[in-house]
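Tertiary structure, described
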Amino acid sequence: ATPKLIRFLGRPGDMSMKARVTGWFGRTDPFDRHDWHVDRCGKEVRYIVDFYDGKPVANMPVSIYIDARPDFQTGGLWDRA
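Just so it is clear, the structure is predicted and the values come from calculations on it, not from any experiment.

Brief notes about the side chain of Arg33
Of note, Arg33 is situated in strand S2 (residues 32-40). We classify Arg33 as buried; its relative accessible area is 6%. Among the polar contacts made by the side chain of Arg33, one reaches the side chain of Asp35 at a distance of 3.0 Å. In contact with Arg33, not counting residues within four places along its chain, are Leu9, Gly10, Arg11, Pro12, Asp14, Met15, Ser16, Arg46, Ile48, Val49, Asp50 and Phe51.

Quick look at the structure:
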């Protein structure tokens, strides 16, 4: 079965736990966050997506780094293995 996006929620004012922890070690804060809810074979899985400013690249007007991962709370630990 093909995974399908059920819904997503923009949460630009909310920091994910990973973004907060990496910020303690000097990483810049993400400029946006989304929570994506995906149907994976009948099971709803939430993904956390943090958007960061990327490193400048010659001849590229925009550079974005995207950190996307299954939510730790909804069985994401198993999906990461």
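Considering unusual backbone geometry
The residue Cys41 is not glycine, and still its phi comes out positive at about 60°. One can find Cys41 in the loop between S2 and strand S3 (43-53). The residue Asn59 is not glycine, and still its phi comes out positive at about 65°. Relative to the helices and strands, Asn59 is located in the loop between S3 and strand S4 (64-70).

Notes on the sheet that holds S4
Read across the sheet, four strands follow the order S1-S2-S3-S4 without closing on themselves; strand pairing throughout is antiparallel. Pairing within the sheet leaves two strands with one partner each, and these edge strands are strand S1 (4-10) and S4. Looking at each pair of strands side by side, their axes are set apart by 25° on average, direction ignored. Where S2 meets S3, nine bridges bridge the pair, whose relative direction is antiparallel. If you follow Asp32 over to S3, its bridge partner there is Phe51.

Definitions and cut-offs
- Residues numbered from 1 in each chain as written.
- Predicted model: local features only at pLDDT ≥ 70, side-chain atom pairs only at ≥ 80, totals over all residues.
- Heavy atoms only, no water.
- Helix = DSSP H or I, 4+ residues; strand = E, 2+ residues; numbered from the N terminus.
- Buried < 20%, exposed > 50% of the residue type's maximum accessible area, 1.4 Å probe, protein only.
- Polar contact = N/O pair within 3.5 Å; in protein donor to acceptor, adjacent residues only side chain to side chain.
- Contact = heavy atoms within 4.5 Å.
- Pairing = 2+ DSSP bridges.
- Axes fitted to C-alpha atoms, helices over the stretch in contact; angles between N-to-C directions.

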